[in-house]
Every structure is written in structure tokens, then in C-alpha cells.
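Understanding the architecture of this molecule
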Amino acid sequence: MKNILSDLFLSTTKEPDSELSRLSSELRVTLEKLKDEKEQREAILASMEEGVIVTDPKGNVTMANRKAEELFGKELLEKRVVEISRNPELHRIIEEGSKKGETVTGEITIAVHHPISLSVTMTPLIRNTEKLGSVIVFHEITLLKKLETMRIDFVANVSHELKTPLTAIKGFAETLKEGAINDKENAARFVDIIKENADRLSRLVEDLLTLSNIELGKVSFEIRPVEVEEVARTVISTLEPKAKAKGLSLELDIEKGVRALSDKDRLAQILLNLVDNGIKFTEKGSVKIQAQTTPPLPFVGKEGVQGAFVQISVTDTGTGIPPKDIPRLGERFYRVDPARSRELGGTGLGLAIVKHLVVSMNGKLSIESEYGKGTRISFTMPAAGN
Ligand SMILES: Nc1ncnc2c1ncn2[C@@H]1O[C@H](COP(=O)(O)OP(=O)(O)OP(=O)(O)O)[C@@H](O)[C@H]1O
Ligand SMILES: [Mg+2]
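Just so it is clear, the model here is predicted, and its values are computed rather than measured.

The next thing to look at is the pattern of salt bridges. This model, assessed by the stated rule, comprises 29 salt bridges. Between Glu148 and Arg151 there is a salt bridge, with the nearest N and O atoms lying 3.6 Å from each other. Of this pair, Glu148 and Arg151 both sit in helix α6 (residues 142-177), separated by 3 residues, roughly a single helical turn. Linking Glu230 and Lys264 is a salt bridge whose minimum nitrogen-to-oxygen distance equals 2.9 Å. With Glu230 in helix α8 (residues 228-245) and Lys264 in helix α9 (residues 264-280), this residue pair connects regions lying 34 residues apart in the sequence. For Glu230, a relative accessible area of 42% translates into the label partly exposed. One network of salt bridges, in which partners are shared, links Arg66, Lys67, Glu70 and Glu140.

When its domains are assigned, the protein resolves into domain 1 (48-140), domain 2 (142-219) and domain 3 (222-386). For domain 2 and domain 3, the distance between their C-alpha centroids amounts to 26 Å. Counting residues at the interface gives 15 residues for domain 2 and 15 residues for domain 3. Contact between domain 2 and domain 3 buries roughly 1500 Å² in total, counting both sides, with carbon and sulfur atoms accounting for 64%. Sorting the residues of domain 2 by area buried against domain 3 places Arg200, Leu211 and Ile214 first, and these three jointly supply 34% of that buried surface. Connecting domain 2 to domain 3 are 3 salt bridges. Residue Arg332 is joined to Glu215 by a salt bridge in which the shortest nitrogen-to-oxygen separation is 3.2 Å. Our enumeration of links across domain 2 and domain 3 arrives at 7 residue pairs in polar contact (both at pLDDT 80 or more). When contributions to the side of domain 2 that touches domain 3 are tallied by element, the ones reaching two or more residues are α6 and α7 (184-215). Considering each element in turn, the side of domain 2 that touches domain 3 owes the most residues, 9 residues, to α7.

Here the focus is the site of ligand 1. Taken together, 19 residues are adjacent to ligand 1, and Lys280, Asp316, Ser341, Thr347 and Leu351 come closest. A distance of 3.5 Å is found between a nitrogen atom of ligand 1 and a side-chain nitrogen or oxygen belonging to Thr375. In the complex, 95% of the free accessible area of ligand 1, which totals 590 Å², lies under the protein chains. Those elements that place two or more of their residues in the shell around ligand 1 are α9 and α11 (350-360). Here the shell around ligand 1 is composed, by residue class, of 7 nonpolar, 9 polar and 3 charged.

Thresholds, definitions, all that
- Residues numbered from 1 in each chain as written.
- Chains lettered and ligands numbered in written order.
- Predicted model: local features only at pLDDT ≥ 70, side-chain atom pairs only at ≥ 80, totals over all residues.
- Heavy atoms only, no water.
- Salt bridge = Lys/Arg side-chain N within 4 Å of Asp/Glu carboxyl O.
- Helix = DSSP H or I, 4+ residues; strand = E, 2+ residues; numbered from the N terminus.
- Buried < 20%, exposed > 50% of the residue type's maximum accessible area, 1.4 Å probe, protein only.
- Domains from an automatic or database assignment.
- Contact = heavy atoms within 4.5 Å.
- Buried area = accessible area lost by both parts, 1.4 Å probe.
- Polar contact = N/O pair within 3.5 Å; in protein donor to acceptor, adjacent residues only side chain to side chain.
- Near = heavy atom within 4 Å.
- Areas by Shrake-Rupley, 256 points an atom, 1.4 Å probe, with all protein chains shown as cover.
- Nonpolar A, V, L, I, M, F, W, Y, C, P; charged D, E, K, R; others polar.

This is the structure in C-alpha cells:
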């Protein structure tokens, strides 16, 4: 009470000049506060991952944040929303929102440098019954869409891969049951076909389990110094008969004493897959395993100084891979010629497993190929030192 009374007393007895200066200083504080708030709002909008556009009742842009400019181009202010994108679905969402006077959502795809999928939320701004404009928020869902497509494709691919051998098994079993079982000569052949397809099914299921176990982190890696030459020799002796049958030579070119920090069995699995591919897709010439230690890179990147690493590669003189297919190799079931791969007993999961194993052991995989001349698939592993 005392304070209020003394304030009152002061304000009534103050000179007009001092009253003016008090008002002016209050105004200054208020303006600064408003400025701070505006800057804060702008900073929040600029840092948002979502694109935000505000329009007046006529549909002219009165505010657009950084992300909105990234999506629809600079200088959006004053433009009409219909001018900044010709997407008919976006126009429908805006029109429906204004008409209904309530939030409307939808999805659109725009093309900047590449197609971008966006979820759109349009909220009309209404005070009492007066329309003040609208806020449109764009949230990028390209990755989500891609994952969804990958999941759908994967299920479709697995079903297809399972269906082919199952159809063969069912068909030949029925033929045997309907009488072919008594036809000694053909019966044995049909049983062989059933066995072959059952083997194919179990290979497929095994590969799928391997992949999913690596992805789930269920595969344990025993990382130790590994003599690369020893592993490569084991792989070569395992696959020598297969190469000989095709008249191909298997070669080794490994720097003396190269040791990688790796899981020995997994490294063998990687090399088995790569050399097997080399043999399968080469008709004449050789498949060669090479390895050498590369000194640490002088470049200090985001991840810090990179240590020395071992570069291991498998090079063949085979069919090669068309350039357009190279980026997609390593995707599950992706094959240049699916029919040919199946004929050779492949599941199309070999390279996907290789890629996962390499990455899980801190390596990188790269594919170089010249169509009609040959392929080199290389990967790195951290070097073990001496
Ligand atoms: N060395 C190579 N030369 C030519 N094409 C290759 C080579 N390695 C891989 N490819 C292509 O990549 C595809 C995928 O390879 P991947 O190892 O995943 O499958 P696959 O060998 O067909 O089957 P799987 O490995 O299950 O037996 C192959 O079908 C083939 O088209
Ligand atoms: Mg393979």
C-alpha cells in the first residue's frame, strides 16, 4: 500500500518533462521487448526442419522461412501461393482448408533437383469470424516414403523368390504321385529336381536369416589381427574346383605380411562371395584376390584422423556390369540378369550380405566395372599394425 501511495504521489507531483521521459523509456523497453520477440520468432522459424508459409486472406505470402525457400525458391514474399507451386494437390488442400475453415492435411511430391515428398498441413487463421489468412507447414517425408517402398518391394521379392522353387517342388511331387513314380528313369530325375529346389529354398532362408541377424546386431564379430593371405588361400582352395571346371585361373597378389583387424570367418565369407561371383560371371580368363596396406590418410576429416587400412579386392575378366546397375548392386535381390543368376543357383543376396559384413567391420565397399571387360570389387578393413 505504501508503495502505491508513494508512486501516486510521485506521478502527480512529477514535472511534465520527467513524465514524458518516463513514458519514452517505457516505450523503448516495450519496443525492445517486441524486437527481441520478433528476432526469437524468426530464429525459431529459420531453424525449423519444416517449411512454413504464412499468407494473407487473399493468398499472398506474407512470411516464408528458410526451409520454405529451399523447397519453393527465394523471394516468395508478396507472391500468391498458386504462383510458387503448380502442384494441383497443394492447391486443392489450400482451397479445401479456406472453404471449410479448418485444418486440412495431404501429401504432395515436388521436383527441385530430385523428387521430394512432402506432407502438407494447411491451417486457416480465423479471429472470431474474420479470415486472417493461413499457415501452411511442409514436412519432408521422402526418406520415409523410400523406406516404405523398400519394405513393400522386399516382401514382394521374397514372396516371388520363394514361390519359384515351391511351385517346382509341388509340381514334380504331384507328377510323381500321379504315376511317374513307377517310371524309373524319369522318377529319379524328378526327385533330383525336387532336391535341387529344396536346397535353393534352404539357401534362400539361410541368406535371409544371415542378413536379418546382421541388421539386428545379433551377429557377433571377433575382431582380431588376421593374416589376409591365409584367409585368401583357404577361399581359393575351396573354389578351385569350380574355377577349374570353367577353365578359369584363380590368382593371388597379396603384399607380404598384410594383416587386417577383422573377424577371420566373416572375412572368409566376404571373399567366398566375391570370388564366387567372379567365377560365375566370367567365361574366360582369371579371378584375382589382391591386398595391400595403405598408409593413414593425411586428411583430417569430421571423423578425425583415419588410421592405416588394408585394401582388399577381387578382380575378374568377366562380363562386367552395365554402369546403370552399379549403384543398385548390394540391394537385396538386385541382379543385372535375374533369370541368369537364378539359373546359376544364386539368390541375389550375396552382395547384400557382403556389404553389411564389410560395414559392420568398419570397412567400405566399392565397385568398379567395365561392361564386357571385367569387374573389381574392393573393400577396406582397418590395418592391424605389426
Ligand atoms: N563379378 C561380377 N561380374 C558381373 N556381375 C556381377 C559380379 N558380381 C555381382 N554381379 C551382379 O550382381 C548381382 C548380385 O550379386 P549377388 O552376389 O548379390 O547375387 P548372385 O551372385 O546372383 O546370387 P548369390 O550370391 O546369392 O549366389 C549378380 O546377379 C550379378 O548380376
Ligand atoms: Mg553372389
